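Chain residues, written in single-letter form:
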Amino acid sequence: MNRRPWALGAVAALVFAFLYLPILWLALVSFNESRSLSRITGLSGRWYAELFDDARVLESLGLTLRLAGASAVVSTVIGTLAAFGLRRAFPGRGLWTVLLSLPLVVPEVVLGVALLGFCVKLAGIPLGFGALLAAHVAFSLSFVVVVVRARVAGMDSRLEEAAADLGAGPWLAFRTVTLPLVAPAVAAGAAFAFLLSFDDVVTSSYLTGVGSTTLPVFVYAQASKRGVSPEIVALSTLLVATSAALLVAGVLVAAKRARASTFVGSISDE
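Residues numbered from 1 in each chain as written. Predicted model: local features only at pLDDT ≥ 70, side-chain atom pairs only at ≥ 80, totals over all residues. Heavy atoms only, no water.

Below, the discussion takes up the overall build of the protein. Within the protein, the secondary structure is distributed over eleven helices and zero strands. For the protein, the sequential pattern of α-helices and β-strands runs α-α-α-α-α-α-α-α-α-α-α. Scaling as 2.2 N^0.38, a compact globule of 270 residues should have a C-alpha radius of gyration of about 18 Å, whereas the protein reaches 23 Å, well beyond that. Taken along the three principal axes of its C-alpha coordinates, the protein extends 70 × 65 × 40 Å. (Helix = DSSP H or I, 4+ residues; strand = E, 2+ residues; numbered from the N terminus. Rg over C-alpha atoms; globule rule 2.2 N^0.38 Å.)

Per the counting criterion, the structure on display carries one salt bridge. Where Arg-46 meets Glu-50, a salt bridge forms, and the shortest distance between an N and an O atom there is 3.4 Å. Of this pair, Arg-46 and Glu-50 both sit in helix α2 (residues 46–53), four residues apart, which is roughly one turn of that helix. Using a relative accessible area of 32% as the deciding quantity, one classes Glu-50 as partly exposed. (Salt bridge = Lys/Arg side-chain N within 4 Å of Asp/Glu carboxyl O. Buried < 20%, exposed > 50% of the residue type's maximum accessible area, 1.4 Å probe, protein only.)

A word on the side chain of Thr-80. Its place among the elements puts Thr-80 in helix α3 (residues 55–85). Note on Thr-80: relative accessible area 11%, which makes it buried.

This paragraph deals with the UniProt feature "transmembrane region" (unreviewed entry) in the protein. Those places that UniProt annotates as "transmembrane region" (unreviewed entry) correspond, in this numbering, to residues 7–28, 67–86, 98–123, 129–152, 172–195 and 232–255. Between the end C-alpha atoms of residues 172–195 the distance is 32 Å, and the span holds 100% helix and 0% strand. Helix makes up 100% of residues 232–255 and strand makes up 0%, while its end C-alpha atoms are separated by 35 Å. (UniProt positions renumbered as here; feature names shortened; annotations may be inferred.)

This brings us to the packing of aromatic side chains. Taken as a whole and assessed by the stated rule, the structure comprises four aromatic pairs. Plain terms: the ring middles of Phe-16 and Tyr-20 are 6.1 Å apart, the flat faces sit at 15° to each other, and that makes the pair stacked. Linking Phe-16 with Tyr-20, this pair stays in helix α1 (residues 5–29), spanning four residues, or about one helical turn. Taken together, a centroid distance of 6.4 Å and an interplanar angle of 25° make the contact between Phe-143 and Phe-192 stacked. Of the two residues, Phe-143 is situated in helix α6 (residues 129–153) and Phe-192 in helix α8 (residues 170–199); the sequence distance between them amounts to 49 residues. Just above the ring of Trp-47 sits the side chain of Arg-46; from NZ or CZ to the centre is 3.9 Å. (Phe/Tyr/Trp six-rings, centres within 6.5 Å; stacked < 30°, edge-to-face > 60°. Lys NZ or Arg CZ within 6 Å of the ring centre and 35° of its normal.)

On to helix α5 (residues 108–122). Its 15 residues place the ends of α5 20 Å apart at the C-alpha level, agreeing with the 21 Å of an ideal helix rising 1.5 Å per residue. Regarding α5, the residues found buried are Leu-111, Gly-112, Leu-115 and Cys-119. Within α5, the buried residues cover an arc of 100° as seen down the axis, which keeps them to one side. Opposite its buried face, α5 presents the exposed residues Lys-121 and Leu-122, each directed more than 90 degrees away. Looking at the buried positions of α5, the neighbouring elements they touch are α6 and α9 (202–207). Count one or two residues on from α5 and you reach Gly-124, which has phi positive near 70°. (Expected span 1.5 Å × (residues − 1). Arc of directions from axis to C-beta. Contact = heavy atoms within 4.5 Å.)

With that out of the way, let us pick up the side chain of Ser-75. Within the secondary structure layout, Ser-75 lies in helix α3. Reaching out from Ser-75, the side chain makes a polar contact with the backbone oxygen of Ser-71 at a distance of 2.7 Å. Here Ser-75 is in contact with Thr-80, His-136, Val-137, Ser-140, Leu-141, Val-144 and Ala-193, once residues within four sequence places are set aside. (Polar contact = N/O pair within 3.5 Å; in protein donor to acceptor, adjacent residues only side chain to side chain.)

To continue, consider the packing of α6 against α8. Describing two packed helices takes the angle between their axes plus the distance from one axis to the other. α8 packs onto α6 with a crossing angle of 155° between their chain directions and a minimal axis gap of 8 Å. In terms of axis orientation, α6 runs roughly antiparallel to α8. As α6 packs across α8, the resulting crossing turns out to be right-handed. Where α6 abuts α8, its residues His-136, Phe-139, Ser-140, Phe-143, Val-144, Val-147, Val-148, Arg-151 and Val-152 lie against Leu-181, Val-182, Ala-185, Val-186, Ala-188, Gly-189, Phe-192, Ala-193, Leu-196 and Ser-197. Split into classes, the residues belonging to the contact of α6 with α8 amount to 14 nonpolar, four polar and one charged. (Axes fitted to C-alpha atoms, helices over the stretch in contact; angles between N-to-C directions. Parallel < 35°, antiparallel > 145°, perpendicular 65-115°, else oblique. Left-handed = near helix turned anticlockwise from the far one by under 90°. Nonpolar A, V, L, I, M, F, W, Y, C, P; charged D, E, K, R; others polar.)

This is how it looks when you write it as structure tokens:
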């Protein structure tokens, strides 16, 4: 590689082409005038207009956003408390850690069947939003615990002790010292929970009821019945564009915060 640096660049270019050329083609086909997905006959925005006129898509999107938001809030609160609970040593901590990590390795099909039996047969939760929320919290919780616990484990406990020595009570120390330190991890865990809920297909397909079809399940059902339609291609393009915009915004915010912290650090050194 040192003698042929162009080889590494060529491999990187091939990898990026393999990853993103299908997405770019998808975006281009979404503006195709005809229903063909293999050749461009002209440019038109008719499929986006038909997409926004489809009440089923808008209803599924609204349900998915509400479900993902609720799942993110519940998972973040419970997962953050669990991460702080696992911070201290106590009998059985290893067992609790393993139990909280199991949803990370259990296949989604098994998890969906198990949650279907538990929610409907045992808990008496009807199929629909309630069962979907319980299922999404169940598999999102582990990701929140892992992310927040990693930040909590690396946090210097002497900062909290210093706040207590200065007269801060437990709540004041948590609000002014602990929470700002773990806030990035909590936000990352919430983002994980939101995206996992928004993208889930397998588990949601077991718990979807009448009038409670999530957007991924709706897209999968439509593609299975009629093939990939131009409306689905347009919807996929919008989702990719939104995800890319959020990613760019997150990178810009992180870069701005890094510059600000560097500037403050340089001033304090002077």
